[in-house]
Amino acid sequence: MSRNKDVIDAHYAASDRGDLAGMVADFAPDIRWTEAAGFPLAGTFTGPDAVIEQVFKKLPETWADWSVSIDEVLDAGNTVIGVGTYSGVNRVTGRDFTARVAHLWRLDAGKVVAFEQIPDSAVVREAM
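Residues numbered from 1 in each chain as written. Predicted model: local features only at pLDDT ≥ 70, side-chain atom pairs only at ≥ 80, totals over all residues. Heavy atoms only, no water.

A. Representation of the layout of surface pockets within the structure. When its volume is computed, the largest pocket comes out at roughly 410 Å³. As for the largest pocket, its lining consists of 24 residues, and the residues nearest its centre are Ser15, Met23, Phe56, Trp66 and Val68. Put simply, the parts of the chain that give the lining of the largest pocket at least two residues each are α1 (3-17), α2 (20-24), β1 (27-35), α3 (48-56), α4 (59-62), β3 (63-76), β5 (96-108) and β6 (111-119). When residues of the lining of the largest pocket are assigned to their parent elements, the largest contribution, 5 residues, is made by β3. (1 Å grid on protein atoms, 1.4 Å probe; cavity = no way out; pocket = protein on both sides within 12 Å on 5 of 7 lines; lining within 4 Å. Points joined across faces, edges and corners; volume = space filled by probe spheres on them. Helix = DSSP H or I, 4+ residues; strand = E, 2+ residues; numbered from the N terminus.)

Written as structure tokens, this is what we have:
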């Protein structure tokens, strides 16, 4: 297991605990975080504070019982891939969803420099 995989495993463990500081502990100051087009929070956010404010804090505003369950973390050196499932209940429509997702993490010197989310956005949008 590489240091980069350890960093991403630690991020997911912090997420499971609801520990925002732990989730961003290994983010580079200029991390570029991309939420997929078609996803409710679509866009690219730069820096840990922007990710916290524009993604991590906004998800619970839109979704009750928001959950990220990562089944597998694949180590490819400076790239790490998380594969799993999102689920939640839309606060406006009351509709729930379950959607597969892949997370593409890029690391440099043990710091996360980029993240790209690849979800099944159609399923999420249907719940909205």
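B. Quick look at the environment of Gly82. Tracing the sequence through the fold places Gly82 in strand β4 (residues 79-90). C-alpha separation for the pair Gly82 and Ile8, spaced 74 residues apart in sequence, amounts to 8.3 Å. In this structure, Gly82 is in contact with Tyr12, Ile70, Glu72, Val73, Val101, Ala102, His103 and Trp105, ignoring residues within four places of it in sequence. (Contact = heavy atoms within 4.5 Å.)

Don't take any of this as a statement about function, it's just geometry.
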